[in-house]
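So you can see what is in the structure, the chains are spelled out below.
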Amino acid sequence: MDILSNIPPHLFRMIIAVAVVLGFVFANATVMGYLERKLAGRFQRRLGPMEVGWHGILQMPVDGIKLIAKQLIVPDNVAGILFYVAPLIAMSPVALPFLVIPFAPGLQVIDLDVGAIFVLTMISFNTVAVFLAGWSSNNNYAMIGAMRAVAQNIAYEIPILLSVLAIGLMTNTFSMKGIIEAQKSIWFIIVQPAAFIMMFICSIAETNRAPFDLPEAESELTAGFHTEYSGIAFSLFMIAEYTYMFVNCCLVATLFLGGWKGIPLPFGDYSSCIWFFAKVYFLMFVIVWCRWTFPRVRFDQLMNFAWKYLIPFSLVNLLITAILVKLL
Amino acid sequence: MKKYFSDLVTGAKSLVAGFIVTFKALLSPVVTVQYPREKLPVGKGYRGHPILILEDDTGRPKCIACGSCMRLCPSQCITVQGEKKEGDKRKYPTVFQVDFTRCSLCGTCSEVCPVAALEYSDVYGLAGFTREEFQYDLLADLPGLVETGFKPVSAD
Amino acid sequence: MTPQAVSKPIHYRYFINMGPQHPSTHGVLRLVVGLYGEYVLSLEPVIGYGHRMQELMAERRPWPAFLPNTARMDYACGLPHQHCYLLAIEKMLGIAVAQRGEYLRVITTEINRIVSHLLWLGANLLDLGAFTPILYCFDDRENFLDILEDVTGSRLTHCWYRAGGVLNDVPADFADRLRAVIKRMYGRFEIYKNLVTDNIIFQKRTKDIGIITPDLARRYGATGPVLRGSGIAYDIRKSMPYSIYPQLDFDIPVGEQGDCFDRYIVHIEEMRQSLRIIEQCIDRLPEGEVRTKLPKKMTLPPGDCTFSVEGARGEVTYYLVGDGSDVPYRLKVRAPCFSNLSLLPELCEDMLLADMIATMGSLDLVIPEVDR
């Protein structure tokens, strides 16, 4: 008893938080994997997974078990330890953005002053993992994919930051909670529609989703940076991708859609949480919708779009915001 | 400069049009069937593997074991032997084998048959683990026919 | 923006082996691609993985026994091959074809052309990274294949044409069903327009990409939509009319500058024209026998004969030599895909890898037809 009382209560809280977050990460990947396949089916006028469980609802857990049970095939001449580390690097930082995401008024681990920036920083870690994976695989397809991923992510982080900056100018804070509080009267999607659209497009590109899925463009590069990965290593990349998608959508929902705010629902304290998740999953639905509608852009077009359209537009948007904030 | 902005507008419009197409598809009913659970009716003209047609009154094959099909089969996958037993008016087949691994379902055998004794089943999706499973003896029961309750068209 | 030509630092070239198992080398084509960054410096198609000695098979058996093989030359569009083989045989033997049989042959050939173009459309978009259109294409394709199945007995490797006509008459509801499907198909073009043709990403990916100049197309003997995309209105159905095509009213769509987008437009327009041809044929379908009565055994006279028809991918030519027996002495098939593939190395120099895939997809290659 003495020992237990000597342990600071923070530690328990942290352990519980980590367990909950990791559990959520896997659950989110499962749900999103299922929804993506189901939606893909319906967009293509077929049913999607139907065999395992009611309407295929157990398909993703079963797939997960299969992937975990599979042999991890390591090709010859991979760059040793880096090959093994890359999926771990992809996976490990995914828990950190959850620290600052405000799911509901009281449901936030810590409200950092630089919350939005912190989330973006953690998301950029993925680039390192993708590049390491591509580099260490000793495969030309993987290498091309990795190079594309780096160039793409660097180009698209700039407009994201500039859009966040526009919000920061209006709210005087990057704290996630502060930004939500600032949207008391009106959501920022109405005040800053251009920033919203640009930020949303960029977050699709940032998470390497179609139509910007160039690092894993399957018709060109078979599977891109994860060509040589199998089993659990591959699924770690997939889980990381879905989690980054979720985090990106959380950020967009917080910055532009008023976070947990919404018409009161008859669920007491839970209603704000429900609103938050509804907004996030709606954004994820739009991302999935994009993927099953459009062809893939070419690499130089992708860069052109970032440097010729998104970055100038976000700069102009920032300038206008700054002037208006100063004047009003 | 004008093109720079007009590209943006037309591009955005076209993307929205694409969104509408797929969203309509999302709301419209599915067009596929869950294949092993539900099956679509097979087209009337579909050609499965060859089968022998029986005489209505005697229940014996119409085949007279003339061997036309065997000779003219492009894949040479048919083996026919026949003999005229005591008390029979004509030759009946004693061996009628089809090597289905080689059959190209071209329709020649039933086309050349002088007594129209060959037909095609509507069995599809046949699968097996060995080649031997596809050495069909048309005089014996054939796989798939019993389950589907197939009757040759000209037998009715 | 077209990528600028890069100077060729051949020492920095690295290779990737695309295929024989690669998502976008449909079938069993292998491409040895030398790259500098993402620019294609050299490209070498390696063919022969699907070689089945079809022509030799024809020289070992009586000519009617080769009919099933003709449909297996080109898995996506087999009926023009069968049509061509039989037209060559009929020309050689002087067989008159039953009128109704010939109309039915043209109807089914055109259905097969639409089916093949729909497959191309979906596969090409898959190469460009759009996953959904191929499912819509297959939806349409199934409607046509159902009709073909009812008529010819199979969905893919049809063997229905016979010397002097076709094997059997069509079902009674054939014309009505076909009309309904054609009507539906006309409506479906709107979907493809909204989803694909007008799409800005698709246009950026295909316009000014992979430009085949008329000169390049002529030098390599390209035919079919590849040639017509370059603005040359060369279609065997018009330029060397055969069968009943002279009596039918249809246009030859041509492109303007020969890029991937033009080839796409030509494919789409050809589908419309095929629908028009089918409609006319149904309206004029004569009554009567579908097949002329022929003697049991017909030997090929000494001498040779060639015949060309317009397949879905271009000019299909069968060259047949007889020696007085019923076994052809020699059969040579000119498959359009071989010529269309052969211009790929020159076309794809200094291209981006992604454009190379888009260009290859737009050529509508069926590798078993190249290998035979």
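So, here's what we can say about the structure. Just so it is clear, the model here is predicted, and its values are computed rather than measured.

1. Digging into the packing of aromatic side chains
One pass over the structure, following the stated rule, counts 43 aromatic pairs over all chains. Aromatic pair Phe43(A) and Trp289(A): ring centres 6.5 Å apart, planes at 10 degrees, arrangement stacked. Taken as a pair, Phe43(A) in helix α2 (residues 9–43) and Trp289(A) in helix α12 (residues 270–291) lie far apart in primary sequence, 246 residues in all. The buried category is assigned to Phe43(A), whose relative accessible area is 0%. For Trp289(A), a relative accessible area of 15% translates into the label buried. Ring geometry for Trp289(A) against Phe19(B): centres 4.5 Å apart, planes inclined by 50 degrees, an arrangement best described as tilted. Within this pair, whereas Trp289(A) is found in helix α12, its partner Phe19(B) is found in helix α1 (residues 2–27), the two belonging to separate chains. Across this residue pair, the class does not change: Trp289(A) and Phe19(B) are buried. Residue placement shows Arg141(C) over the ring face of Phe138(C); its charged tip is 5.0 Å from the ring centre. Note that Arg272(C) overlies the ring of Phe189(C), its terminal NZ or CZ placed 4.4 Å from the centroid.

2. Details of the interface of chain C and chain A
Listed by partner, the interface residues are 34 residues for chain C and 25 residues for chain A. Put simply, chain C and chain A have two salt bridges between them. One salt bridge in this structure joins Asp355(C) and Arg298(A), with 2.9 Å as the shortest N-O distance. Summed over the shared surface of chain C and chain A, the number is nine residue pairs in polar contact (both at pLDDT 80 or more). When contributions to the side of chain C that touches chain A are tallied by element, the ones reaching two or more residues are β1 (14–18), α4 (99–127), α5 (132–152), α6 (174–197), α7 (200–206) and α14 (353–362) of chain C.

3. Thoughts on the pattern of salt bridges
Residues and elements named next belong to chain C. This structure, assessed with the given rule, holds 42 salt bridges over all chains. Note that Arg 188 and Asp 140 form a salt bridge whose closest N and O atoms lie 2.8 Å from each other. Here the residue Arg 188 occupies a position in helix α6, and Asp 140 occupies one in helix α5, the gap between them amounting to 48 residues. Salt-bridge contacts for Arg 179 lead to Asp 283; the nearest nitrogen and oxygen are separated by 2.8 Å. Within this pair, whereas Arg 179 is found in helix α6, its partner Asp 283 is found in helix α11 (residues 260–284), the two being separated by 104 residues in sequence. Judged by its relative accessible area of 38%, Arg 179 falls in the partly exposed class. On the basis of relative accessible area, Asp 283 is assigned to the exposed category, the value being 56%. Bridged by salt links that share partners, the residues Glu 110, Arg 113, Arg 228, Asp 235, Arg 237, Glu 270 and Glu 310 form one connected network.

4. Let's talk about the sheet that holds strand β2 (residues 30–36) of chain C
Residues and elements named next belong to chain C. An order of β1-β2-β3 is seen for the three strands of this open sheet, with the pairing classed as antiparallel. This sheet does not close on itself; its edge strands, each paired only once, are β1 and β3 (39–46). Looking at each pair of strands side by side, their axes are set apart by 20 degrees on average, direction ignored. Bridge analysis of β1 against β2 gives five bridges, and the strand direction is antiparallel. Considered in β2, the bridge of Tyr 14 is made with Leu 35.

5. A closer look at the layout of surface pockets
In this structure, the second largest pocket encloses a volume near 1700 Å³. Lining of the second largest pocket is provided by 50 residues; of these, Phe305(A), Leu8(B), Gly11(B), Leu15(B) and Ile200(C) occupy positions nearest its centre. When residues of the lining of the second largest pocket are traced back to their parent elements, those giving at least two are α9 (193–206), α12 and α13 (299–327) of chain A, α1 of chain B together with α7 of chain C. At 11 residues, α1(B) tops the list of elements feeding residues into the lining of the second largest pocket.

What counts, and where the lines are drawn
Residues numbered from 1 in each chain as written. Chains lettered and ligands numbered in written order. Predicted model: local features only at pLDDT ≥ 70, side-chain atom pairs only at ≥ 80, totals over all residues. Heavy atoms only, no water. Phe/Tyr/Trp six-rings, centres within 6.5 Å; stacked < 30°, edge-to-face > 60°. Helix = DSSP H or I, 4+ residues; strand = E, 2+ residues; numbered from the N terminus. Buried < 20%, exposed > 50% of the residue type's maximum accessible area, 1.4 Å probe, protein only. Lys NZ or Arg CZ within 6 Å of the ring centre and 35° of its normal. Contact = heavy atoms within 4.5 Å. Salt bridge = Lys/Arg side-chain N within 4 Å of Asp/Glu carboxyl O. Polar contact = N/O pair within 3.5 Å; in protein donor to acceptor, adjacent residues only side chain to side chain. Pairing = 2+ DSSP bridges. Axes fitted to C-alpha atoms, helices over the stretch in contact; angles between N-to-C directions. 1 Å grid on protein atoms, 1.4 Å probe; cavity = no way out; pocket = protein on both sides within 12 Å on 5 of 7 lines; lining within 4 Å. Points joined across faces, edges and corners; volume = space filled by probe spheres on them.

What is shown is where atoms sit, not what they do.
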